[in-house]
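# Breakdown of the fold
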Amino acid sequence: MAEKIIQISGKDYYLFDKYGSREQTHKIAKTFKKERKCKYFILPVKDRGLLSDKLPSYSYLLYFNKKLRIW
């Protein structure tokens, strides 16, 4: 799994969750952006597996600039 905190332009972004499709990730990110007034960042990550070199698949990590989840 990726790091729980990343820095973008000197600001911390905190990992929220991992999703399988980009559309689902955008939908959830826009909902939280409107409700909680926070910025988001979506990071595509190539999944590793037995056939990952022949059939690449991606998952998307959703980061927010506020802590929305307690680990």
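Before going into details, it helps to say that this report is about the structure given with it. Counting of residues starts from 1 at the beginning of each chain's written sequence and follows it residue by residue. In view of the model being predicted, local features appear only for residues whose pLDDT reaches at least 70, and side-chain atom pairs are presented and counted only at 80 or more, with totals across whole chains, interfaces and linings using the full set of residues. Side-chain calculation: all heavy atoms of the structure are included, whereas hydrogens and water are not.

### Some points on the sheet that holds strand β1 (residues 5-8)
Spatial ordering of the open sheet is given by β1-β2-β4-β3, a layout of four strands whose pairing is antiparallel. Single-partner strands in this sheet number two, and they are β1 and β3 (40-46). This sheet shows a mean twist of 40 degrees between the axes of neighbouring strands, independent of strand direction. The pairing criterion for strands is at least two bridges between them, as found by DSSP. By definition, any uninterrupted DSSP run of H or I lasting at least four residues is a helix, any uninterrupted run of E lasting at least two residues is a strand, and each is numbered from the N terminus. Each axis is a line fitted through C-alpha atoms, and for a helix only the stretch in contact is used; angles between axes span 0 to 180 degrees, taken between their N-to-C directions.

### With respect to the packing of aromatic side chains
Centre distance within 6.5 Å is the pairing criterion for rings of Phe, Tyr and Trp, where only the six-membered ring of Trp is used; planes under 30 degrees apart are then read as stacked, over 60 as edge-to-face, and the remainder as tilted. Using the criterion set out here, one finds three aromatic pairs in the structure. Each ring, one from phenylalanine 16 and one from phenylalanine 64, has its centre 5.5 Å from the other, and the planes form 85 degrees; the classification is edge-to-face. In this pair, phenylalanine 16 is assigned in strand β2 (residues 11-19) and phenylalanine 64 in strand β4 (residues 58-64), connecting sequence segments 48 residues apart. Each member of the pair, phenylalanine 16 as well as phenylalanine 64, is classed as buried. An aromatic cluster of at least three residues, connected via ring pairs, comprises Phe16, Phe32 and Phe64. For the exposure calls, accessible area comes from a 1.4 Å probe over protein chains only, and a residue counts as buried if that area is under 20% of its type's maximum, exposed if over 50%, partly exposed in between.

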